[in-house]
Amino acid sequence: MSETSLVLLQQVINGLTLGSIYALIAIGYTMVYGIIGMINFAHGEVYMIGAYVGLLVITALGLLGITSVPVILLLTLAVCILVTSVFGWTLERVAYRPLRGNPRLVALISAIGMSIFLQNYVQIGQGARDVAMQPLVSGGWRFGPANGFQVYLSYMQVLIAVTTVLFMTLLTLFIARSRMGRACRACAQDLDMANLLGIDTDRVISLTFVLGAGLAAVAGVLVGLYYGLINPFIGFIAGIKAFTAAVLGGIGSIPGAMLGGLVLGLAESFTSAYLSTEYKDVVAFLLLVFVLLFRPTGLLGKPDVEKV
Amino acid sequence: MSALLEVADLGMRFGGLQAVDGVGFTVERAQVFAIIGPNGAGKTTVFNCISGFYRPTSGWAMLEAQPIHNLSSHRIARLGLVRTFQNVRLFKNMTVVENLLVAQHTRLVTNLWSGLIKLPRYRRSERQALEKASFWLDKVGLLPYANREAGNLAYGQQRRLEIARCMITQPSLLLLDEPAAGLNPQETRELNTLITELRAQHGVSVLLIEHDMSLVMGISEQILVMENGRPIALGTPAQIRSDPKVIKAYLGEE
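As a convention, each chain's residues are numbered from 1 in the sequence order in which they are written. Working convention: letters from A go to chains and numbers from 1 go to ligands, in the order in which they are written. Side-chain atom pairs in this predicted model are given and counted only at pLDDT of 80 or more, local residue features only at pLDDT of at least 70, and totals for whole chains, interfaces and linings cover all residues. Calculated side-chain values reflect all of the structure's heavy atoms, with hydrogen atoms and water omitted.

Our next topic: the sheet that holds strand β1 (residues 5-14) of chain B. All names here are of chain B. A pair of strands is treated as paired once DSSP finds two or more bridges between them. Numbering goes from the N terminus for both helices and strands, where a helix is a DSSP run of H or I of at least four residues and a strand is a run of E of at least two. Spatially, β2-β1-β4-β5 is the arrangement adopted by the 4 strands of the open sheet, whose pairing is antiparallel. Both edges of this open sheet fall to β2 (17-27) and β5 (66-67), since each of them pairs with a single strand only. Across 2 bridges, strand β4 (residues 58-63) lies against β5 in antiparallel orientation. Directly across from methionine 62, in β5, lies its bridge partner proline 67.

Moving on, we get to unusual backbone geometry. What is expected of a backbone is that most residues other than glycine have negative phi and most peptide bonds are trans. All names here are of chain B. In this structure, alanine 65 is a non-glycine residue whose phi angle is positive, near 65 degrees. You can see alanine 65 is positioned in the loop between β4 and β5. Backbone geometry at glutamate 178 places phi at a positive 50 degrees, although glycine is not the residue there. Locating glutamate 178 in the fold gives a position in the loop between β7 (173-177) and α7 (185-202).

Let us look at the nonpolar core. Core analysis: the biggest nonpolar cluster contains 138 residues, and Ile27 of chain A together with Leu161 and Leu174 of chain B have the highest contact counts within it. Here this core gets 14 residues from one element, more than from any other, and that element is helix α8 (residues 201-227) of chain A. Leu5, Val7, Val27 and Leu81 of chain B belong to the second-largest nonpolar core, a separate cluster that totals 28 residues. In these notes, a set of buried Ala, Val, Leu, Ile, Met, Phe, Trp, Tyr and Cys residues joined through side-chain atoms within 4.5 Å is what counts as a nonpolar core. The classification of residues rests on relative accessible area computed with a 1.4 Å probe and restricted to protein chains. Under 20% of the type maximum is buried, over 50% is exposed, and intermediate values are partly exposed.

Counting from both sides, the interface comprises 32 residues of chain B and, opposite them, 23 residues of chain A. Each of two parts loses accessible area, computed with a 1.4 Å probe, when they are put together; buried area is these two losses added. By the criterion of area lost to chain A, the three top residues of chain B are His74, Phe91 and His105 of chain B, representing 22% of everything that side buries. When a carboxyl oxygen of Asp or Glu lies within 4 Å of a side-chain nitrogen of Lys or Arg, that pair is called a salt bridge. If you look at where chain B meets chain A, you find 4 salt bridges. Of the charged contacts in the structure, one is a salt bridge between arginine 89 of chain B and aspartate 190 of chain A, with a shortest N-O distance of 2.7 Å. Here a polar contact is recorded for every N or O atom pair within 3.5 Å, except that within protein the pair must consist of a potential hydrogen donor and a potential acceptor, and residues adjacent in sequence are included only if both atoms are side-chain atoms. For the pair chain B and chain A, the interface holds 9 residue pairs in polar contact (both at pLDDT 80 or more). Throughout, a residue-residue contact means that at least one pair of heavy atoms, one from each residue, lies within 4.5 Å.

The next point concerns the pattern of salt bridges. Counted according to the given criterion, the structure contains 17 salt bridges over all chains. Residue glutamate 268 of chain A is joined to lysine 241 of chain A by a salt bridge in which the shortest nitrogen-to-oxygen separation is 2.9 Å. With a gap of 27 residues between them, glutamate 268 of chain A in helix α10 (residues 254-274) and lysine 241 of chain A in helix α9 (residues 234-249) connect regions that are remote in the sequence. When sorted by exposure, glutamate 268 of chain A lands in the same class as lysine 241 of chain A, which is buried. As a salt-bridge pair, glutamate 190 of chain B and arginine 160 of chain B come within 3.4 Å of each other at their nearest N and O atoms. Taken together, the positions of glutamate 190 of chain B in helix α7 and arginine 160 of chain B in helix α6 (residues 155-167) put the pair 30 residues apart, joining distant regions of the chain. For glutamate 190 of chain B, a relative accessible area of 34% puts it in the partly exposed group.

A pair of aromatic rings is counted whenever rings of Phe, Tyr or Trp (Trp by its six-membered ring) have centres within 6.5 Å, and the orientation is called stacked for planes under 30 degrees apart, edge-to-face for over 60 and tilted otherwise. By the definition in use, this model includes 13 aromatic pairs over all chains. Aromatic side chains tyrosine 29 of chain A and phenylalanine 243 of chain A sit 5.7 Å apart centroid to centroid with 55 degrees between the ring planes, which places their arrangement in the tilted category. Placement of the pair is tyrosine 29 of chain A in helix α1 (residues 3-36) and phenylalanine 243 of chain A in helix α9, with a sequence separation of 214 residues. Note that arginine 83 of chain B overlies the ring of phenylalanine 53 of chain B, its terminal NZ or CZ placed 5.6 Å from the centroid. Criterion for a charge above a ring: Arg CZ or Lys NZ at most 6 Å from the ring centre, at most 35 degrees from the ring normal. Across the ring face of phenylalanine 85 of chain B, the terminal group of arginine 83 of chain B is positioned such that the distance to the ring centre comes to 4.1 Å.

Residues and elements named next belong to chain A. Where helices are involved, their axes are fitted lines through C-alpha atoms of the stretch in contact, as for all axes, and angles between N-to-C directions lie from 0 to 180°. Running from amino to carboxyl end, α1 crosses helix α5 (residues 155-177) at an angle of 30 degrees, the nearest separation of the two axes being 9 Å. Looking at the two axes, α1 sits roughly parallel to α5. You can see that α1 and α5 cross each other, and the crossing is left-handed. Contacts between α1 and α5 pair Ile13, Asn14, Thr17, Ser20, Ile21, Ala23, Leu24, Ile27 and Met31 from the former with Gln157, Ile160, Ala161, Thr164, Phe167, Met168 and Leu171 from the latter. Roughly parallel covers angles under 35 degrees, roughly antiparallel covers those over 145, roughly perpendicular covers 65 to 115, and oblique covers all other angles. In this scheme the handedness of a crossing depends on how the near helix is turned from the far one: anticlockwise by less than a right angle means left-handed, clockwise means right-handed.

Bringing the domain arrangement of chain B into the picture now. Residue and element names in this part refer to chain B. Start and end points for every domain follow an automatic or database-based domain assignment. Split by domain assignment, chain B resolves into domain 1 (1-80 + 171-254) and domain 2 (94-169). One C-alpha centre belongs to domain 1, the other to domain 2; they are set 27 Å apart. At the interface, 20 residues of domain 1 touch 14 residues of domain 2. Interface area for domain 1 against domain 2, summed over the two sides, is near 1300 Å², with a carbon-plus-sulfur share of 68%. It is Pro171, Leu194 and His202 in domain 1 that bury the most area against domain 2; as a group they hold 33% of the surface buried on that side.

Next comes the structure, spelled out in structure tokens:
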């Protein structure tokens, strides 16, 4: 393979890795929006909490003397999903449910308030500085000529891709096949009607927050392990990016969030490689502007059919 | 035995507007009861108060001697009162059969774990739900369309699917808000037959709002006439037809 195609391949790998993370977080935005039409701006913070819980669990497991990497990973993911889901559930219960029925702006302001609160809460508990997360999975494969450009695919990148695909598949099956998933889809189409048919819509709403938080926790743990550093402010930019991914793919659509995440990840990685790292956010948001101009419902979003 | 639905002195005020005032009536078991009146008379507001969409500002409503006027809609639905709206509100992106499955949600085991690992109990209840769905699809003549998207059905079929979706929750009282609106004469006659059957074979009571007088007069046992938020007459179709106040409300005074 020529050097240019190797460089291209490297960017695709990096882009898909980053995109997977965005996609995992974006699901939380899109599901909540799909059901209650609200942007949960504290979702980025939920992801940040997921990363911190991951750090604490890994440290604790280290102290307990557990050294097997697969065991640590599984336990960390499980505990993280559990704890972060509780945060997601509580967030909805405390900050959004009491405001339901009010204009959307009210809940939005509450979300921004919760975002600031959670950031400070973690700062007080864990400090405002960067904390290092020990790399659990290191190493990788190299391809390419010994004296030219070599493509590097780390084990961690593979882990991120596999984990993301696994959780996305589980979520898709859950929504398409299970009874609760069916109730979720019904609620997304007509919340009042679902309620009238006896579906406990409050429970369904809680469930979307729990699922969204669980996936954000997975993203948090993966990012912590991938970059090795976390701080209480990582939620903000990741949240904005994932939100962009959700809008890009068509907010309210789960496959849209997945696609939007990947497109955004690829766009950023290509810009970093071929243009300049400083421009990656510019390109990401320009992409958003153009999609909104020419396809306001996003890539996979359905046009808002007549609401009589 | 007490009446199925008892409504007394029901009132609904929106700010300065008294939309409904002093409405009271009783629906017996297996009865068809109609509310009629000119547009803006407050008929749908009464429905909204009874079905938990609004919280009435005065009066009360009881379903089988249990107060329902301050319950939320899903609790009322579980007690056996379901409704349709003036406009069709199906889950349009779901298939016809899925619309009927989702309506059985509360009556099925929804335990997350048993669903994920598909326990035998879950499978069995899912199969029963499907059987029930096909029974009702057959009843309203939609069995051949089971796997179509609900939004792609013809208007009259969507109306029938809505009624099936209500009936599958095994209600004791069905509230239909203008079920014949937009139907052609043939479809209206089919609706008439369907309502009569539901009542005769499934013992359900029907409370309906309707403008189509041939339908109302043909199937109702009791009729409540409303005007400007207040009840002006209550009686059998024959009584209503000859009531001077009703004639005045509909035709105006000379």
